[in-house]
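Structural overview for review
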Amino acid sequence: MRKLLLTLLALACSASLYGCGSGQSGAVPESGGETKSGDETAAGPPKLSADPVTVKFAASGGMFPDEDFQRYVADPVKKKYPQITLERINTSNQGMKIQDLVASGNIPDIVGNYPGPTGSVLNDLGLVYNMEPLMKKYKFDINRFAPEAVQTLRIAGGQDYLAGLPAYTNAFALFYNKDLFDKFGVPYPKDGMYWEDVAELARKLTRVEDGTQYRGIFPDGIGRIQQQLSIPFADFNSNKSLLNSEQWHEAFQQWGSLFMIPGLTEGEYKVPSAGKNQDAFINGTLAMIASHTNMLFNLRKAPQVNWDMVTYPQSKKAPGVGQRLDSPILSITAQSKVKDAAFLVIDTILSDEVQTDMMRNGRMTVLKDEKIKGEFGKSLEEFKGKNLAAMTKLKFAVMTPFKYLPDGDVDKVISKAFNAYIVGEKDLNTALREADEEMNRLIEEKRPK
């Protein structure tokens with residue numbers, strides 16, 4: 001009887017998902033550090049094999065500077081999954097764009113893109129992969145994200161399913177120079193302001209004093225109001241432009257009212273430029289700039305600026321809404337042979353622990369957890385006393401579908417028309433009519449035949 005019991009126990013161990021007496025808690029692996037489907041247990045998701053596995057991670061240096069990659073990706077992954085080796089591919093380097101990698105046969109396991117290009121780039125290169133089965137397998141809770149963020153992720157991927165997950169997001173706010181407000185006796189901005197309120201402040205602050213031209217506001221290009229209001233630029237059922245519409249007329253007029261203040265777009269500021277206006281803010285000739293978390297990192301290098309921030313200005317057509325998700329979206333490629341390990345790398349980046357560390361150091365979380373959001377900037381001593389919470393208060397706008405249109409080409413058409421309008425080269429009707437015609441030509445060129 002004792003021999004029979006031992007035999008039965010041995011058979012049970014060999015059939016079990018877990019190794020009896022092996023000291024391992026992982027599921028029985030396939031090659032490449034994978035786990036077999038169906039390994040989920042009542043206790044939780046399956047465990048990755050202990051076998052060494054390499055994951056190729058391709059993202060630009062702007063998305064993940066070396067220090068950030070080490071802190072928020074490499075170190076946490078190594079701590080949690082010592083069997084995973086990350087091979088970092090910096091797509092900012094010459095010859096390392098995702099198109100170059102695919103052409104050479106060196107296809108990464110994880111690719112980072114921003115929302116606009118995500119679907120088109122992955123689709124064009126045949127890399128799109130449905131990540132939802134892996135999310136289910138590893139019990140990833142998508143409800144940790146705001147619903148507007150999830151909606152944007154689906155639109156960005158160009159599929160009915162999720163083809164990527166966001167690492168962090170750029171958060172937006174209205175930055176203001178307190179010294180200029182004090183100099184001209186204008187009250188500081190407040191949380192909850194609308195663009196009309198900001199325009200009124202800007203008019204009071206745009207003036208020439210002692211030979212210096214001071215300017216009240218830089219709200220960024222026309223794309224920001226398009227994104228905030230989710231204004232469509234094309235009807236993808238009829239494949240026709242929507243630029244010559246009432247929505248776009250109103251958007252040009254509202255945004256134009258911010259730029260057409262006398263003195264705002266003269267000289268080197270004739271064409272809207274984020275870089276030039278960030279410099280002007282730091283140099284003390286621009287009173288307000290609507291910008292995002294990257295501005296925080298610029299201000300760390302400019303301790304002489306006496307600044308603060310308030311919530312990103314809202315539109316009365318969409319109260320409570322800021323900007324859309326502006327995040328590096330991490331996608332697993334269809335060709336990856338280590339999809340489980342690749343997913344667990346992304347899952348680690350999105351852990352509460354890593355997201356909290358990002359928040360404390362000025363990277364805005366994509367999670368809706370108020371406790372984590374409340375940690376924003378707490379490790380940045382130079383920002384003590386600043387209204388950093390302003391960046392966490394508004395809802396995401398939902399992304400407008402791009403489908404087959406490259407977002408860069410769309411932006412060129414719209415910006416060209418708007419820039420001609422604000423400097424008086426074309427009237428509103430002419431600018432939008434010509435932009436509409438140009439958009440229709442772009443649609444005809446790019447739409448699937």
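Note that this is a predicted model, so its numbers are computed, not measured.

Pairing within the open sheet is mixed, and its five strands lie in the order β2-β1-β3-β13-β4. Two strands lie at the open edges of the sheet, namely β2 (84–90) and β4 (165–166), each paired on one side alone. Here four bridges tie strand β3 (residues 110–113) to strand β13 (residues 329–332), and the two strands are oriented antiparallel to one another. When the sheet's bridge partners are listed, Ile110 is paired in β13 with Ile332. Strands β1 (53–59) and β2 of the sheet are contacted by helix α2 (residues 66–80), whose axis makes an angle of about 160° with β2.

Here we come to the confidence of the model for the protein chain. The predicted coordinates should not be examined in detail at positions where pLDDT is low. A residue-level look at the protein chain finds 90% of positions with pLDDT of 70 or above and a mean pLDDT of 89. Taken as a whole, residues 1–32 scores under 50 in pLDDT and shows 30 contacts with residues more than four places along the chain or in a different chain. pLDDT under 50 marks residues 36–41. Its contacts with residues more than four places away, or in other chains, come to 17 contacts.

All right, on to the packing of α2 against helix α14 (residues 352–360) then. One way to put it is that α2 packs onto α14 with a least axis distance of 11 Å and a crossing angle of 150°. Relative to α14, α2 is oriented roughly antiparallel. For the pair α2 and α14, the sense of crossing is right-handed. Listed contacts from α14 to Arg71, Tyr72, Pro76 and Lys79 of α2 are Glu353, Val354, Asp357 and Met358. Of the residues belonging to the contact of α2 with α14, the class tally is four nonpolar, no polar and four charged.

Another point: the nonpolar core. Nonpolar side chains tend toward joint burial in soluble globular proteins. Core analysis: the biggest nonpolar cluster contains 132 residues, and Phe57, Phe175 and Met288 have the highest contact counts within it. In this structure, Ala58, Leu101, Leu127 and Val128 belong to the second largest nonpolar core, which totals 10 residues.

Time to look at helix α12 (residues 293–300). The periodicity of an α-helix, 3.6 residues per turn, causes residues three or four positions apart to be oriented the same way. All buried positions along α12 are accounted for by Thr293, Met295, Leu296 and Leu299. In a view along the axis of α12, the buried residues occupy a sector of 145°, so they form one face of it. Looking at the packing, one finds that the buried side of α12 touches β5 (172–177), α11 (274–283), β10 (286–292) and β11 (307–311).

Moving on: the sheet that holds β11. Taken in spatial order, the five strands of this open sheet run β6-β7-β10-β5-β11, and their pairing is mixed. Both edges of this open sheet fall to β6 (207–209) and β11, since each of them pairs with a single strand only. If you compare each strand with its neighbour and ignore which way they point, the axes differ by 30° on average. Here β5 pairs with β11 via five bridges, running antiparallel. Of the residues in β11, the one forming a bridge with Tyr176 is Asp308.

Conventions we followed
- Residues numbered from 1 in each chain as written.
- Predicted model: local features only at pLDDT ≥ 70, side-chain atom pairs only at ≥ 80, totals over all residues.
- Heavy atoms only, no water.
- Pairing = 2+ DSSP bridges.
- Helix = DSSP H or I, 4+ residues; strand = E, 2+ residues; numbered from the N terminus.
- Contact = heavy atoms within 4.5 Å.
- Axes fitted to C-alpha atoms, helices over the stretch in contact; angles between N-to-C directions.
- pLDDT = per-residue confidence, 0-100.
- Parallel < 35°, antiparallel > 145°, perpendicular 65-115°, else oblique.
- Left-handed = near helix turned anticlockwise from the far one by under 90°.
- Nonpolar A, V, L, I, M, F, W, Y, C, P; charged D, E, K, R; others polar.
- Core = buried A, V, L, I, M, F, W, Y, C linked by side-chain atoms within 4.5 Å.
- Buried < 20%, exposed > 50% of the residue type's maximum accessible area, 1.4 Å probe, protein only.
- Arc of directions from axis to C-beta.

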